[in-house]
Amino acid sequence: RESAEISLKDIDHLAKSSFPLCMRHLYDKLKEDHHLKHGGRMQLGLFLKGVGLKLDDALAFWRAEFSQKVGAERFEKEYAYNIRHNYGREGKRTDYTPFSCQKVISSTPGVGDHHGCPFRHFSEENLRAALGGMGVGNRGMDDIIDKVRNRHYQVACTLTFEAVHGSSCDAGINHPNQYFIDSQKILQS
Ligand code: SF4
(Lines give C-alpha, C1' and ligand atoms only; values in the text may rest on other atoms or scores of the structure.)
Protein backbone atom coordinates (compact mmCIF):
# COMPACT_ATOMS: atom_id res chain seq x y z
CA ARG A 1 0.00 0.00 0.00
CA GLU A 2 1.37 3.34 -1.01
CA SER A 3 0.71 6.60 0.75
CA ALA A 4 2.04 10.12 0.57
CA GLU A 5 5.62 10.88 1.51
CA ILE A 6 6.31 11.58 5.17
CA SER A 7 9.36 13.32 6.55
CA LEU A 8 11.54 12.71 9.56
CA LYS A 9 10.08 15.50 11.65
CA ASP A 10 6.53 14.12 11.28
CA ILE A 11 7.23 10.64 12.63
CA ASP A 12 6.89 11.40 16.32
CA HIS A 13 3.51 13.00 15.88
CA LEU A 14 2.29 10.32 13.45
CA ALA A 15 3.40 7.51 15.78
CA LYS A 16 1.07 8.87 18.45
CA SER A 17 -1.87 9.57 16.17
CA SER A 18 -1.84 6.90 13.46
CA PHE A 19 0.46 3.95 14.19
CA PRO A 20 -1.22 0.66 15.09
CA LEU A 21 -0.22 -0.76 18.47
CA CYS A 22 2.37 -3.17 16.99
CA MET A 23 4.31 -0.25 15.47
CA ARG A 24 3.70 2.16 18.29
CA HIS A 25 5.25 -0.38 20.66
CA LEU A 26 8.34 -0.81 18.47
CA TYR A 27 8.65 2.94 18.09
CA ASP A 28 8.43 3.53 21.84
CA LYS A 29 10.97 0.79 22.57
CA LEU A 30 13.37 2.16 19.98
CA LYS A 31 13.14 5.61 21.57
CA GLU A 32 13.62 4.11 25.03
CA ASP A 33 16.44 1.63 24.31
CA HIS A 34 17.98 3.30 21.22
CA HIS A 35 18.07 -0.21 19.83
CA LEU A 36 15.83 -2.90 18.35
CA LYS A 37 16.70 -6.46 17.46
CA HIS A 38 16.51 -7.69 13.89
CA GLY A 39 12.82 -8.71 13.89
CA GLY A 40 11.81 -5.32 15.23
CA ARG A 41 13.98 -3.43 12.77
CA MET A 42 12.40 -5.34 9.89
CA GLN A 43 8.81 -4.93 11.09
CA LEU A 44 9.09 -1.22 11.89
CA GLY A 45 11.53 -0.40 9.07
CA LEU A 46 9.34 -1.82 6.31
CA PHE A 47 6.24 -0.24 7.85
CA LEU A 48 7.94 3.18 7.79
CA LYS A 49 8.99 2.61 4.21
CA GLY A 50 5.35 1.77 3.43
CA VAL A 51 4.03 4.95 5.02
CA GLY A 52 6.35 6.96 2.78
CA LEU A 53 9.64 7.51 4.64
CA LYS A 54 12.36 7.89 2.02
CA LEU A 55 15.67 6.07 2.32
CA ASP A 56 17.75 9.08 3.39
CA ASP A 57 15.26 9.93 6.12
CA ALA A 58 15.11 6.29 7.19
CA LEU A 59 18.90 6.21 7.57
CA ALA A 60 18.81 9.45 9.57
CA PHE A 61 15.98 8.11 11.74
CA TRP A 62 17.74 4.86 12.68
CA ARG A 63 21.15 6.52 12.97
CA ALA A 64 19.81 9.08 15.47
CA GLU A 65 18.71 6.28 17.80
CA PHE A 66 21.32 3.57 17.26
CA SER A 67 24.30 5.90 17.40
CA GLN A 68 23.31 6.75 21.00
CA LYS A 69 23.68 3.09 21.86
CA VAL A 70 26.35 1.61 19.60
CA GLY A 71 28.03 4.73 18.19
CA ALA A 72 27.82 6.21 14.71
CA GLU A 73 30.66 4.11 13.34
CA ARG A 74 29.15 0.79 14.33
CA PHE A 75 25.80 1.95 13.03
CA GLU A 76 27.28 2.55 9.57
CA LYS A 77 29.15 -0.76 9.63
CA GLU A 78 26.51 -3.07 11.00
CA TYR A 79 23.08 -1.58 10.48
CA ALA A 80 23.01 0.87 7.56
CA TYR A 81 23.45 -1.92 5.03
CA ASN A 82 20.26 -3.66 6.17
CA ILE A 83 18.27 -0.46 5.93
CA ARG A 84 19.45 0.13 2.38
CA HIS A 85 18.76 -3.55 1.72
CA ASN A 86 15.13 -3.11 2.83
CA TYR A 87 14.84 -0.32 0.29
CA GLY A 88 16.23 -2.57 -2.44
CA ARG A 89 19.54 -0.71 -2.71
CA GLU A 90 21.80 -3.60 -1.71
CA GLY A 91 22.10 -7.32 -2.35
CA LYS A 92 19.54 -8.79 -4.72
CA ARG A 93 17.82 -5.41 -4.92
CA THR A 94 14.49 -6.90 -3.98
CA ASP A 95 12.02 -4.22 -3.01
CA TYR A 96 10.75 -5.64 0.28
CA THR A 97 7.13 -5.04 1.16
CA PRO A 98 5.76 -4.20 4.63
CA PHE A 99 4.42 -7.11 6.67
CA SER A 100 0.70 -7.88 6.76
CA CYS A 101 -1.13 -8.50 10.05
CA GLN A 102 -1.16 -12.20 9.29
CA LYS A 103 2.61 -12.22 9.01
CA VAL A 104 3.11 -10.12 12.16
CA ILE A 105 0.63 -12.21 14.16
CA SER A 106 2.29 -15.47 13.13
CA SER A 107 5.80 -14.29 14.05
CA THR A 108 7.43 -15.73 17.17
CA PRO A 109 9.19 -13.00 19.16
CA GLY A 110 11.74 -14.29 21.66
CA VAL A 111 13.15 -12.76 24.84
CA GLY A 112 14.21 -9.16 24.23
CA ASP A 113 12.24 -8.93 20.99
CA HIS A 114 9.57 -6.28 20.58
CA HIS A 115 8.15 -7.24 17.21
CA GLY A 116 4.94 -9.24 16.75
CA CYS A 117 1.33 -8.28 17.39
CA PRO A 118 0.61 -7.05 20.94
CA PHE A 119 -2.92 -8.46 20.74
CA ARG A 120 -1.41 -11.90 20.32
CA HIS A 121 1.94 -11.60 22.09
CA PHE A 122 1.37 -9.36 25.12
CA SER A 123 0.12 -10.58 28.49
CA GLU A 124 -3.39 -9.32 29.26
CA GLU A 125 -1.98 -6.97 31.87
CA ASN A 126 0.52 -5.41 29.48
CA LEU A 127 -2.07 -5.19 26.74
CA ARG A 128 -4.51 -3.34 29.01
CA ALA A 129 -1.78 -0.89 29.96
CA ALA A 130 -0.79 -0.35 26.31
CA LEU A 131 -4.40 0.18 25.23
CA GLY A 132 -4.90 2.64 28.08
CA GLY A 133 -1.85 4.50 26.77
CA MET A 134 -3.53 4.76 23.37
CA GLY A 135 -6.58 6.31 24.98
CA VAL A 136 -8.94 3.32 25.02
CA GLY A 137 -11.45 3.72 27.84
CA ASN A 138 -12.87 1.07 30.17
CA ARG A 139 -15.90 0.16 28.10
CA GLY A 140 -14.02 -0.38 24.88
CA MET A 141 -11.28 -2.22 26.76
CA ASP A 142 -13.45 -5.15 27.85
CA ASP A 143 -14.76 -5.72 24.31
CA ILE A 144 -11.21 -5.73 22.98
CA ILE A 145 -9.94 -8.14 25.64
CA ASP A 146 -12.90 -10.42 24.92
CA LYS A 147 -11.88 -10.63 21.24
CA VAL A 148 -8.29 -11.34 22.22
CA ARG A 149 -9.36 -14.18 24.51
CA ASN A 150 -11.15 -15.67 21.52
CA ARG A 151 -8.01 -15.14 19.42
CA HIS A 152 -9.64 -12.61 17.11
CA TYR A 153 -6.58 -10.39 17.10
CA GLN A 154 -7.39 -8.34 14.01
CA VAL A 155 -10.94 -7.76 15.24
CA ALA A 156 -9.46 -6.55 18.54
CA CYS A 157 -7.22 -4.18 16.57
CA THR A 158 -10.21 -2.96 14.56
CA LEU A 159 -12.12 -2.21 17.77
CA THR A 160 -9.06 -0.38 19.06
CA PHE A 161 -8.93 1.69 15.88
CA GLU A 162 -12.61 2.56 16.33
CA ALA A 163 -12.18 3.45 20.00
CA VAL A 164 -9.17 5.65 19.33
CA HIS A 165 -10.65 7.43 16.31
CA GLY A 166 -14.30 7.53 17.39
CA SER A 167 -15.14 6.36 13.92
CA SER A 168 -16.01 2.99 12.41
CA CYS A 169 -13.65 0.89 10.32
CA ASP A 170 -15.99 -1.26 8.26
CA ALA A 171 -13.31 -3.03 6.23
CA GLY A 172 -11.53 -4.29 9.38
CA ILE A 173 -7.80 -4.10 9.94
CA ASN A 174 -5.70 -6.53 7.93
CA HIS A 175 -2.46 -4.61 7.44
CA PRO A 176 -0.55 -2.20 9.69
CA ASN A 177 -0.12 0.17 6.75
CA GLN A 178 -3.87 0.07 6.07
CA TYR A 179 -4.41 1.08 9.72
CA PHE A 180 -2.13 4.05 9.14
CA ILE A 181 -3.78 5.12 5.88
CA ASP A 182 -7.32 4.78 7.26
CA SER A 183 -6.30 6.74 10.36
CA GLN A 184 -4.83 9.56 8.29
CA LYS A 185 -7.96 9.68 6.16
CA ILE A 186 -10.08 10.28 9.25
CA LEU A 187 -7.68 12.74 10.90
CA GLN A 188 -7.20 14.79 7.74
CA SER A 189 -10.88 14.98 6.81
FE1 SF4 B 1 -0.47 -4.60 14.10
FE2 SF4 B 1 -2.24 -5.98 12.68
FE3 SF4 B 1 -1.71 -6.66 15.24
FE4 SF4 B 1 -3.09 -4.45 14.64
S5 SF4 B 1 -3.72 -6.61 14.24
S6 SF4 B 1 -1.42 -4.60 16.14
S7 SF4 B 1 -2.06 -3.75 12.78
S8 SF4 B 1 -0.31 -6.76 13.49
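Residues numbered from 1 in each chain as written. Predicted model: local features only at pLDDT ≥ 70, side-chain atom pairs only at ≥ 80, totals over all residues. Heavy atoms only, no water.

Asker: Sorry if this is basic, but what is going on with the overall build of the protein here?
Answerer: Across its full length, the protein carries 12 helices and zero strands. Ordering the α and β elements of the protein from the N terminus gives α-α-α-α-α-α-α-α-α-α-α-α. The C-alpha atoms of the protein give 16 Å as radius of gyration, which agrees with the globular expectation for 189 residues (16 Å, within 12%). By residue count, 47% of the 189 residues in the protein fall in the buried class. (Helix = DSSP H or I, 4+ residues; strand = E, 2+ residues; numbered from the N terminus. Rg over C-alpha atoms; globule rule 2.2 N^0.38 Å. Buried < 20%, exposed > 50% of the residue type's maximum accessible area, 1.4 Å probe, protein only.)

Asker: For this particular structure, what's the right way to read the site of the ligand?
Answerer: Taken together, the residues surrounding the ligand are Pro20, Cys22, Cys101, Val104, Cys117, Phe119, Gln154, Cys157, Ile173 and Pro176. For the shell around the ligand, the secondary structure elements donating two or more residues are α7 (101-105) and α11 (153-165). Its residues assigned to classes, the shell around the ligand shows nine nonpolar, one polar and no charged. (Near = heavy atom within 4 Å. Nonpolar A, V, L, I, M, F, W, Y, C, P; charged D, E, K, R; others polar.)

Asker: Before we go on, may I ask you to explain the environment of Lys9 in this structure?
Answerer: Mapped onto the secondary structure, Lys9 falls in the segment before α1 (11-18). Within the local environment of Lys9, its side chain forms a polar contact with the side chain of Asp10, the two groups lying 3.4 Å apart. (Polar contact = N/O pair within 3.5 Å; in protein donor to acceptor, adjacent residues only side chain to side chain.)

Asker: Help me understand the packing of aromatic side chains in this model?
Answerer: The geometry of an aromatic ring pair comes down to the distance between the two centres and the angle between the two planes. Taken as a whole and assessed by the stated rule, the structure comprises 11 aromatic pairs. The interplanar angle of 90° and the centroid separation of 6.2 Å between the aromatic rings of Phe47 and Phe180 together place this pair among those described as edge-to-face. Of this pair, Phe47 sits in helix α3 (residues 38-51) while Phe180 sits in helix α12 (residues 176-188), placing them 133 residues apart in sequence. A single burial state applies to Phe47 and to Phe180, both of which are buried. (Phe/Tyr/Trp six-rings, centres within 6.5 Å; stacked < 30°, edge-to-face > 60°.)

Asker: What exactly am I supposed to notice about the packing of α11 against α12 here?
Answerer: Packed helix pairs are characterised by how far apart their axes lie and by the angle those axes make with each other. Where α11 meets α12, the closest approach of the two axes is 11 Å, and the angle between their N-to-C directions is 20°. Here α11 is positioned roughly parallel relative to α12, judged by the angle of their axes. Considering the relative orientation of α11 and α12, their crossing is right-handed. Facing Cys157, Phe161 and His165 of α11, the residues of α12 in contact are Tyr179, Asp182, Ser183, Ile186 and Leu187. Grouping the amino acids of the contact of α11 with α12 by side-chain chemistry returns five nonpolar, two polar and one charged. (Axes fitted to C-alpha atoms, helices over the stretch in contact; angles between N-to-C directions. Parallel < 35°, antiparallel > 145°, perpendicular 65-115°, else oblique. Left-handed = near helix turned anticlockwise from the far one by under 90°. Contact = heavy atoms within 4.5 Å.)

Asker: How should I be thinking about the nonpolar core in this particular structure?
Answerer: Generally speaking, a soluble globular protein has its nonpolar side chains buried in company with each other. Membership of the largest hydrophobic core comes to 30 residues, with the highest contact counts inside it found for Phe19, Leu44, Phe47, Leu48, Trp62 and Ile83. Residue assignment for this core shows that the elements contributing at least two residues are α1, α2 (21-33), α3, α4 (55-70), α6 (80-86) and α12. Element by element, the count of residues in this core is highest for α4, at seven residues. Not counting residues within four places of it along the chain, the set of residues in contact with Phe19 comprises Ile11, Leu14, Arg24, Tyr27, Leu44, Phe47, Leu48, Met134, Tyr179 and Phe180. (Core = buried A, V, L, I, M, F, W, Y, C linked by side-chain atoms within 4.5 Å.)

Asker: Where do I start with unusual backbone geometry in this structure?
Answerer: Leave glycine aside and you will find that most residues have negative phi; peptide bonds, for their part, are mostly trans. At His34, a residue that is not glycine, the phi angle is positive and equals roughly 55°. In this structure, His34 sits in the loop between α2 and α3. Within the chain, Arg151 stands out as a residue other than glycine whose phi angle is a positive 65°. Tracing the backbone through its elements, the reader meets Arg151 in the loop between α10 (138-149) and α11. On the basis of relative accessibility, which here comes to 65%, the residue Arg151 falls in the exposed class.

Asker: Looking at this structure, I do not really get the side chain of Asn177. What am I missing?
Answerer: Here Asn177 shows up in helix α12. A distance of 3.1 Å separates the side chain of Asn177 from the backbone oxygen of Phe47, its partner in a polar contact.

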